[in-house]
Amino acid sequence: MASPTISLPPPVLDDSVGEIRRIEHTRLRRRLLYGEFEGDLVERLMLNIGHVRRAAWGQVDMTANPFLSMWQQAAALYDTEPKMLAPPASVPLLDEVAELGFWAQQQRVQRDALGLREMLVRVDAEEDGPLSFRPVFPDMVTCESRPRQPSVPVRVREWVEDPNLGWVRHDVDVRVPAAPRYVVTTTKGDDVTGDVLGGQFSGGAYPFREDDGTPILPYGMYHSAATGCLFDPYTFREVVEGSLNICVLLTFYGHLVRNAAWAQRYAVNLEPLGLDVIAPEGERSSRRDVVTDPATLLLLRAVAGEGQPLIGQWSSPGDPEAVLRSINMYERRIQLIAGFAPPDVTRQEADIRSGYSLAVDREALRARQRTFEPQFRRADQNVLRIAACLSNRARGTGYSENATDYRVDYQGLPESPAEVRLRLDEVAAKKAAGMLGPVSALREFEPALTYDEAVLRLASASAEKADVDEAVGGLLAAKGIKSPPPIVEIDVGKMVALAGLLEKAQAGLVPVESVKELAVAMGLPPERADALVAPIVVRAGAAPPKGDPPEPEDDEPPAEGQEAA
């Protein structure tokens, strides 16, 4: 049945009907994400087939959950830890965030944000302790926003389970910047702020503020899409309903395989032999029973005076393979509703028995990842800004409180080696064609770098290479080894042209000095150009090149028997 941690606490009476409906539907989504939907599935079966057939179908089948599998695969932004950049004074904050496992936690936060449509992260800082980042489910909060910023909360009321008082409600309110409030109440409305927080934190004692004293909420809110609304709970509700319906169909499939996947036999004017009389202990009534199985031999005898015995069979009432194919088609339709086109959905196995196990193509996941990046980048930057503000107030640090100073470069779904090589070749071709400079080429691979940071990175790499070359030269000189000439990289096309000219020079059709000058112009050092054409010079001086015989000199008389030209 449903997990009590998901179904509690109930919405309070002062919430609107719309908020109660939103909370209940969001909890259904959360039960699907966390495998706690058995009670919902049993209820759906009862609505579809009633109690009698429900008992005949047996245990419900929860093995297919498209709602979970789709968002689990689509949540790939944090599969690899993002690369973070910040001003030098704020780098320790990034290090602390990484050490606390924030990015690993974000893998689950993104999946839940996609499935539930929203997620919140509560940030806390203590004077002598580390930062903390706690995920908060949207069905555990009610929020309010300003009309001009409908997607940014200014009041958050969160249900939190207290070990002594049970469920209490934390109410953080900055709607009036001059009078912010942070109070804690019970389900009956009693103020227990002092008991839970150890003091009063409203008005001037409000602890969550920016550097200029502006009060802020300690909650960062993640949206799966920019809708202009505070909550978007019913988008893709069809996928939620379809996931439950698929489990209903798979339960029927299991019933069909177990109980009806063979021909039904019947007999007229016959009765089985060897019936055992079974009387339950303590009861006077009894029933006759015989065990049948495909591996047993069933003995029958004719009923006296009832006429000619007759044995026959009906065909199987259902084809399990056809039923499973139908379920597969139904699940593909659910994938299409969620925005995954049929060509992007591939079967994990070729076996028809796993027909309902579908996977989403990697390229489709990358395209969807690019769709999610803007919303999650803004939310991550806001969470880091909140962490910087709370740390500066509580611990006296000097982190930047500007959200745009924290730049996030998501690695997402890793590229295969072939994809990496293709991207390198593409950037190299653009650079060779003059379309990209070295700075732009570097930023193609690290978009989070600013222009100045990329220049410094390249300058550092060049200085590092010079240091290594100098160290290598010194080491070779100390050992009495002459440094080899530097290796010069020449374009492949130029090397092919140079090879063709060398062949012509070998044949005596092109002057050797011209080949040497051209090789130097292509970038070869003079000593290497000399070594390249040296064999040709020796061979050309040794014997004339093969070809047509030389023409006679003008003053030489023609040979006897030949006419003058």
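Values in this document were obtained by computation on a predicted structure and should not be read as measured data. (Residues numbered from 1 in each chain as written. Predicted model: local features only at pLDDT ≥ 70, side-chain atom pairs only at ≥ 80, totals over all residues. Heavy atoms only, no water.)

**So, the overall build of the protein**
Reasoning step 1: Scanning the protein for helices and strands turns up 16 helices and 17 strands.
Reasoning step 2: Residues classed as buried in the protein amount to 37% of the 565 residues present.
Reasoning step 3: In the protein, the share of contacts with a sequence separation of at least 24, taken over all contacts with a separation of at least 6, comes to 65%.
Reasoning step 4: Of the roughly 32,700 Å² of accessible surface on the protein, 55% is carried by carbon and sulfur atoms. (Helix = DSSP H or I, 4+ residues; strand = E, 2+ residues; numbered from the N terminus. Buried < 20%, exposed > 50% of the residue type's maximum accessible area, 1.4 Å probe, protein only. Contact = heavy atoms within 4.5 Å. Areas by Shrake-Rupley, 256 points an atom, 1.4 Å probe, with all protein chains shown as cover.)

**A closer look at the confidence of the model for the protein**
Reasoning step 1: Mean pLDDT for the protein: 81, with 81% of residues reaching 70 or above.
Reasoning step 2: Predicted confidence for residues 349-357 stays below pLDDT 50, and this span has 15 contacts to residues more than four positions away or in other chains.
Reasoning step 3: This stretch, residues 540-549, has a pLDDT under 50; its non-local contacts, to residues over four places away or in other chains, come to two contacts. (pLDDT = per-residue confidence, 0-100.)

**What about the sheet that holds strand β2 (residues 118-124)?**
Reasoning step 1: Taken in spatial order, the three strands of this open sheet run β3-β2-β8, and their pairing is antiparallel. Strands at the two margins of the open sheet, each flanked by one partner only, are β3 (132-136) and β8 (219-223). Averaged over neighbouring strand pairs, the angle between their axes works out to 25° when direction is ignored.
Reasoning step 2: As paired elements, β2 and β3 share five bridges and run antiparallel to each other. Bridge assignment links Leu120 to a residue of β3, and that residue is Val136.
Reasoning step 3: Each of β2, β3 and β8 touches helix α6 (residues 102-116); the most contacted strand, β2, lies at about 145° to it. (Pairing = 2+ DSSP bridges. Axes fitted to C-alpha atoms, helices over the stretch in contact; angles between N-to-C directions.)

**So, the environment of Val515**
Reasoning step 1: Checked against the element boundaries, Val515 lands in helix α15 (residues 512-522).
Reasoning step 2: A relative accessible area of 2% means that Val515 is categorised as buried.
Reasoning step 3: The sequence separation of Val515 and Ala505 amounts to 10 residues, and the corresponding C-alpha distance is 7.5 Å.
Reasoning step 4: Look past the residues within four positions of Val515 in its chain and what remains in contact with it is Leu498, Leu501, Leu502, Ala505, Val510 and Val533.

**Overview of the sheet that holds strand β7 (residues 181-186)**
Reasoning step 1: Taken together, the four strands give an open sheet; going across it, the order is β4-β5-β6-β7, and neighbouring strands pair in antiparallel fashion. Looking along the sheet, the strands with just one partner apiece sit at the ends: β4 (141-146) and β7. For this sheet, the mean inter-axis angle between neighbouring strands, taken without regard to orientation, is 25°.
Reasoning step 2: Sheet analysis places β4 next to strand β5 (residues 149-162), joined by six bridges and oriented antiparallel. The partner of Arg146 across the bridge, within β5, is Gln149.

**Side note on the pairing of strand β6 (residues 166-173)**
Reasoning step 1: Taken across its eight residues, β6 has six buried, putting it largely inside the fold.
Reasoning step 2: Bridge count for β6 against β7 is six bridges, and the pairing is antiparallel. Bridge assignment links Arg169 to a residue of β7, and that residue is Thr185.

**Some thoughts on helix α3 (residues 38-57)**
Reasoning step 1: Its 20 residues give α3 an end-to-end C-alpha distance of only 15 Å, which falls more than 12% under 28 Å, the value for a rise of 1.5 Å per residue.
Reasoning step 2: Within α3, the axis deviates most sharply at Gly50, by approximately 110°.
Reasoning step 3: All of the buried residues along α3 are Gly39, Asp40, Leu41, Val42, Arg44, Leu45, Ile49, Arg54 and Trp57.
Reasoning step 4: Buried positions along α3 lie against α2 (17-33) and α8 (237-259).
Reasoning step 5: One or two residues past the end of α3 sits Gly58, with phi positive at roughly 85°. (Expected span 1.5 Å × (residues − 1). Bend = angle between axes of the 7 residues up to and from the residue.)

**Observations concerning the nonpolar core**
Reasoning step 1: Ranked by internal contacts, the top residues of the largest apolar core, which has 87 residues, are Leu93, Phe133, Tyr222, Phe376 and Tyr406.
Reasoning step 2: Here the element with the most residues in this core is helix α10 (residues 362-395); it accounts for 10 residues.
Reasoning step 3: One finds Val512, Val515, Ala519 and Ala529 within the second-largest nonpolar core, a separate group that totals 11 residues. (Core = buried A, V, L, I, M, F, W, Y, C linked by side-chain atoms within 4.5 Å.)

**Comments concerning the packing of α2 against α6**
Reasoning step 1: Axis separation between α2 and α6 bottoms out at 10 Å; the angle between their running directions is 135°. What the angle tells us is that α2 and α6 run oblique. Both α2 and α6 take part in a crossing whose hand is right-handed. Along the contact surface, α2 presents Thr26, Arg29, Arg30 and Leu33, while α6 presents Arg111, Asp112, Gly115 and Leu116.
Reasoning step 2: Classifying every residue of the contact of α2 with α6 gives two nonpolar, two polar and four charged. (Parallel < 35°, antiparallel > 145°, perpendicular 65-115°, else oblique. Left-handed = near helix turned anticlockwise from the far one by under 90°. Nonpolar A, V, L, I, M, F, W, Y, C, P; charged D, E, K, R; others polar.)

**Quick word on the pattern of salt bridges**
Reasoning step 1: Using the criterion set out here, one finds 26 salt bridges in the structure.
Reasoning step 2: Note that Arg155 and Asp171 form a salt bridge whose closest N and O atoms lie 2.6 Å from each other. In this pair, Arg155 is assigned in strand β5 and Asp171 in strand β6, connecting sequence segments 16 residues apart.
Reasoning step 3: For Arg155, a relative accessible area of 13% translates into the label buried.
Reasoning step 4: With a relative accessible area of 7%, Asp171 lands in the buried category.
Reasoning step 5: Put simply, Glu144, Arg155, Asp171, Asp173, Arg175 and Arg181 are held in one network by salt bridges that share partners. (Salt bridge = Lys/Arg side-chain N within 4 Å of Asp/Glu carboxyl O.)

**Here's the deal with unusual backbone geometry**
Reasoning step 1: Even without glycine at this site, Arg117 takes up a positive phi of about 80°.
Reasoning step 2: Structurally, Arg117 can be placed in the loop between α6 and β2.
Reasoning step 3: The backbone of Phe236 sits at a positive phi, close to 65°, despite the residue not being glycine.
Reasoning step 4: Looking at where Phe236 falls in the secondary structure, it is placed in the loop between β8 and α8.

**With respect to the packing of aromatic side chains**
Reasoning step 1: Applying the stated criterion across every chain, the model contains 10 aromatic pairs.
Reasoning step 2: A centroid spacing of 5.8 Å and a plane angle of 45° characterise the contact between Tyr182 and Phe208, whose relative ring orientation is tilted. Of this pair, Tyr182 sits in strand β7 while Phe208 sits in the loop between α7 (193-197) and β8, and the two are 26 residues apart along the sequence. An identical accessibility class is assigned to Tyr182 and Phe208; each is buried.
Reasoning step 3: Among the aromatic residues, those joined into a cluster by ring pairs are Tyr78, Phe102, Trp103, Phe133 and Tyr410.
Reasoning step 4: Of note, Arg30 hangs over the ring of Phe137, and the distance from its end group to the ring centre comes to 4.0 Å.
Reasoning step 5: In this structure, Arg111 packs its charged tip against the face of Tyr34, placed 5.0 Å from the ring centre. (Phe/Tyr/Trp six-rings, centres within 6.5 Å; stacked < 30°, edge-to-face > 60°. Lys NZ or Arg CZ within 6 Å of the ring centre and 35° of its normal.)

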